[in-house]
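Structural characterization, general
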Amino acid sequence: MTKRDPQGLTPLADVDPEVFALIRREEKAESETVRLIASENYASRAVLEATASVLTNKYSEGYPGKRYYEGQKQIDEIEELARARMKTVFGAEHVNVQPYSGSPANLAVYLAFVKPGETIMGLGLPAGGHLTHGWNVSITGKFFNSVPYGVRQDDHRIDMDQVRDLARQHRPKLIWCGTTAYPRTIDFAAFRTIADEVGAILAADIAHIAGLVAGGVHPSPIGIADVVTMTTHKTFRGPRGAAILCKSQHASAIDRAVFPGLQGGPHNATTAAIAVAAGEAQQPSFKEYAARIVENARALGAALEAKGFRLITGGTDNHLLLVDMTPKGIGGKPYARALDRAGIVANYNAIPFDPRKPMDPSGVRLGTPAIASRGMGPAEMERIAAWMAEVAENPQDEARLDRIAGEVKELCQAFPAPGIIL
Ligand code: DSN
């Protein structure tokens, strides 16, 4: 769209070599490293293509058949398709695919069901909850009276007795169940019983485990929770986006909360990519992928434990491990830095009742969705655990970290990263 390119058809590499080079470097980095960030994954080429389509050009405030702009024939069909496929994948009565991401999806739930100042409950951030479940630095902890619950001191499992006691005492309007750093299954039915007893709306945030739920390896909250929120880019392996799934009786409250309550035009390219991802989630191979995530997390956990690592709750039922680095004599942050140098990408993370500060906590969080997408299995988990142990014992040995990074790269070459053409 310069004088020499009125059609805007010049490729990115020529229009903006600087941005192009940075994207290429990211592609190389994602290909050549073992990515263990529990919330990350590899979207397929098909998902990436839909995301990068002309749908980005359209404005579509409203919902299919009820838009404020003309020219919506394709957009309406795309959104209908995304909604229908998501309903099929999750068995939901109603789906809204317009939230821009997980935090706006959760805000829409507040807007639909709670007034400012009313009481809500969610798992506290230091115990593995999410900021938007009422943590004090988030708008959700400032605009609502938030009563966080936690995990038990002895086994670090969600303390359902405490949830019940706090709910009886504070009579919340809304109870969140859902986590970002919790390695165990969530007992949705137990939360339902408590919510019913105090007359609360039950919201399940399955952002982390949506792919496991879709793949049948984690119990589903559909039909149990009143409303379910999810991001579409974590274990679900779609584009950066979100969805809200709910019972029909809450459909119009949720839809009105998303638009016009919180957002303007939906990101139509994302909607198309959600449709693609939901189509992929209906394939038998998605079930295999979901099972591989959990199998790998268990195998990685067992291999790490055998090498003296301490796993919070002693293991995992899902896609992630929370590791207390204290027995290894290194903090989570310097360890995550050293791992990164060795080609293994994870994030430092607080552990429950962490004596250290949030920016320098005791733990690291490890997830297996991305390496499961590459097709790695238990044998590779053994190798990764061995490298992780070597890094923990030699975090400043640059030559050793370089050697490991080289070995990691070789392993990665044997398991090409989905969606990336090098
Ligand atoms: N940033 C996400 C995660 O890493 O868990 C939560 O929003």
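Scroll up to find the structure this text is about.
So, here is what we can say about the structure in this document. (Residues numbered from 1 in each chain as written. Predicted model: local features only at pLDDT ≥ 70, side-chain atom pairs only at ≥ 80, totals over all residues. Heavy atoms only, no water.)

Attention shifts here to the pairing of strand S9 (residues 227-231). Most of S9 sits inside the fold, with 5 of its 5 residues counted as buried. Residues Val227, Thr229 and Thr231 line one face of S9 and the alternating positions Val228 and Met230 line the opposite face, and both faces are buried. Bridge count between strand S8 (residues 201-205) and S9: 3 bridges; the pairing is parallel. By the bridge assignment, Ala203 is partnered in S9 with Val227. Where S9 meets strand S10 (residues 242-246), 5 bridges bridge the pair, whose relative direction is antiparallel. Within the sheet, the bridge partner assigned to Thr231 lies in S10 and is Ala242. (Buried < 20%, exposed > 50% of the residue type's maximum accessible area, 1.4 Å probe, protein only. Helix = DSSP H or I, 4+ residues; strand = E, 2+ residues; numbered from the N terminus. Pairing = 2+ DSSP bridges.)

The next thing to look at is the site of the ligand. If you check the shell around the ligand, you find Ser39, His130, Thr180, His208, Lys234 and Arg365 and nothing else. In this structure, an oxygen atom belonging to the ligand sits 2.7 Å away from a side-chain N or O atom of Ser39. One nitrogen or oxygen atom from the side chain of His208 is found 2.6 Å from an oxygen atom belonging to the ligand. Among the residues making up the shell around the ligand, the classes are represented as no nonpolar, 4 polar and 2 charged. (Near = heavy atom within 4 Å. Polar contact = N/O pair within 3.5 Å; in protein donor to acceptor, adjacent residues only side chain to side chain. Nonpolar A, V, L, I, M, F, W, Y, C, P; charged D, E, K, R; others polar.)

In space, the 4 strands of this open sheet follow the order S11-S12-S15-S14, with antiparallel pairing throughout. Edge positions in the sheet fall to strand S11 (310-311) and strand S14 (347-349), since each has one partner strand and no second. In the sheet, strand S12 (residues 320-324) pairs with strand S15 (residues 363-367) via 5 bridges, with the strands oriented antiparallel. The residue of S15 that forms the bridge with Leu320 is Gly367. Seen against the sheet, helix H12 (residues 284-306) touches S11, S12 and S15 and runs at an angle of roughly 20° to S12. (Contact = heavy atoms within 4.5 Å. Axes fitted to C-alpha atoms, helices over the stretch in contact; angles between N-to-C directions.)

Moving on, we get to the nonpolar core. Ranked by internal contacts, the top residues of the largest apolar core, which has 60 residues, are Met86, Phe90, Ile175, Phe191, Ile206 and Phe236. Not counting residues up to four positions away in its chain, the partners in contact with Phe90 are Ile206, Ala210, Val213, Ala214, Ile222, Met230, Phe236 and Leu245. Leu311, Val364, Cys412 and Phe415 belong to the second largest nonpolar core, which has 36 residues in total. (Core = buried A, V, L, I, M, F, W, Y, C linked by side-chain atoms within 4.5 Å.)

In this section: the environment of Ala342. Secondary-structure assignment places Ala342 in the loop between helix H13 (332-341) and strand S13 (344-345). A sequence separation of 61 residues divides Ala342 from Ala281, and the C-alpha atoms of the two residues are 33 Å apart. Contact partners of Ala342, with chain neighbours within four places excluded, come to Val391, Leu401, Ile404, Ala405 and Val408.

A word on the packing of helix H7 (residues 160-170) against helix H8 (residues 188-198). The interhelical angle for the contact between H7 and H8, taken along N-to-C directions, is 15°, at an axis separation of 9 Å. In this view, H7 runs roughly parallel relative to H8, as classed from their interaxial angle. Every pair of crossing elements has a handedness; the one defined by H7 and H8 is right-handed. For the pair formed by H7 and H8, the contact residues are Met160, Val163, Arg164, Ala167 and Arg168 on the first element and Ala190, Phe191, Ile194, Glu197 and Val198 on the second. Taken together, the residues of the contact of H7 with H8 sort by class into 7 nonpolar, no polar and 3 charged. (Parallel < 35°, antiparallel > 145°, perpendicular 65-115°, else oblique. Left-handed = near helix turned anticlockwise from the far one by under 90°.)

This part takes up the environment of Arg403. Along the chain, the position of Arg403 falls in helix H16 (residues 398-414). Distance in space between the C-alpha atoms of Arg403 and Gly343 is 9.9 Å, their sequence separation being 60 residues. Within polar-contact distance, the side chain of Arg403 engages the side chain of Glu407 at 2.9 Å.

All right, on to the packing of aromatic side chains then. Counted under the stated rule, the structure contains 9 aromatic pairs. Judged by centre distance (5.1 Å) and plane angle (65°), the ring pair of Phe286 and Tyr289 falls under edge-to-face. Highlighted residues: Phe286 and Tyr289, both in helix H12, separated by 3 residues, approximately one helical turn. Looking at Phe286, the relative accessible area reads 2%, which means it is buried. Centre to centre, the rings of Phe309 and Tyr335 are 6.3 Å apart; their planes meet at 45°, and the pair counts as tilted. Placement of the pair is Phe309 in the loop between H12 and S11 and Tyr335 in helix H13, with a sequence separation of 26 residues. (Phe/Tyr/Trp six-rings, centres within 6.5 Å; stacked < 30°, edge-to-face > 60°.)

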